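Reading the structure
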Amino acid sequence: MSKTFVLRNPDIAHELIAFLKAHAGPNASAGHPLAVTVATHKQARSADQNRLLHALLNDIAQQAVIGGKQYEVDVWKEIVRCKFIGTEEISLPDGTRIERGMSTKTLGVGDFSNLIEIVRAWAQTELGVEV
């Protein structure tokens, strides 16, 4: 069971309380206690921001040459994810563990805006890309 409440007004807070009253006891009795985390809500990255990053990655793929070679957009996306967002280790079905760049889906609007500016500056200064 998963339900998200974004507490924008007292009515939604009352909905949360009613939900907890209705579900906390029965779930706990069934051996499935609820976990509640309260944090400041971060608006997820927007579709426009995502399109802007992909346009920037396309510019990089079309213009950047490293060691006499150009790379596909997916390669540059992975580089950006690893270099500027971070990495995570995942297990494959055969037990192999690999490290990959964290998804841009983990970023809120503000962090995504910062990522775009950082990538733009990096592309210009380090890769010689005109954006």
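Let me sum up the structure you'll find in this document. If you're wondering where the values come from, they're calculated on a predicted model, not measured in any experiment.

**Remarks on helix α4 (residues 109-127)**
The end-to-end C-alpha distance of α4 is 26 Å, a good match for the 27 Å that 19 residues give at a rise of 1.5 Å each. Within α4, the full set of buried residues consists of F112, L115, I116, V119, W122, A123 and L127. An end-on view of α4 places all buried positions within 135° of arc, on one side of the element. Buried positions along α4 lie against α2 (47-63) and α3 (73-85). Immediately beyond the C-terminal end of α4, within one or two residues, lies G128, with a positive phi of roughly 70°.

**Observations regarding the packing of α2 against α3**
The interhelical angle for the contact between α2 and α3, taken along N-to-C directions, is 115°, at an axis separation of 9 Å. As summarised for this structure, α2 and α3 are arranged roughly perpendicular, according to the angle between their axes. Here α2 and α3 pass one another in a crossing that is right-handed. Contacts between α2 and α3 involve H54, L57, N58, I60 and A61 on the former and, on the latter, V73, W76, K77 and V80.

What counts as what
- Residues numbered from 1 in each chain as written.
- Predicted model: local features only at pLDDT ≥ 70, side-chain atom pairs only at ≥ 80, totals over all residues.
- Heavy atoms only, no water.
- Helix = DSSP H or I, 4+ residues; strand = E, 2+ residues; numbered from the N terminus.
- Expected span 1.5 Å × (residues − 1).
- Buried < 20%, exposed > 50% of the residue type's maximum accessible area, 1.4 Å probe, protein only.
- Arc of directions from axis to C-beta.
- Contact = heavy atoms within 4.5 Å.
- Axes fitted to C-alpha atoms, helices over the stretch in contact; angles between N-to-C directions.
- Parallel < 35°, antiparallel > 145°, perpendicular 65-115°, else oblique.
- Left-handed = near helix turned anticlockwise from the far one by under 90°.

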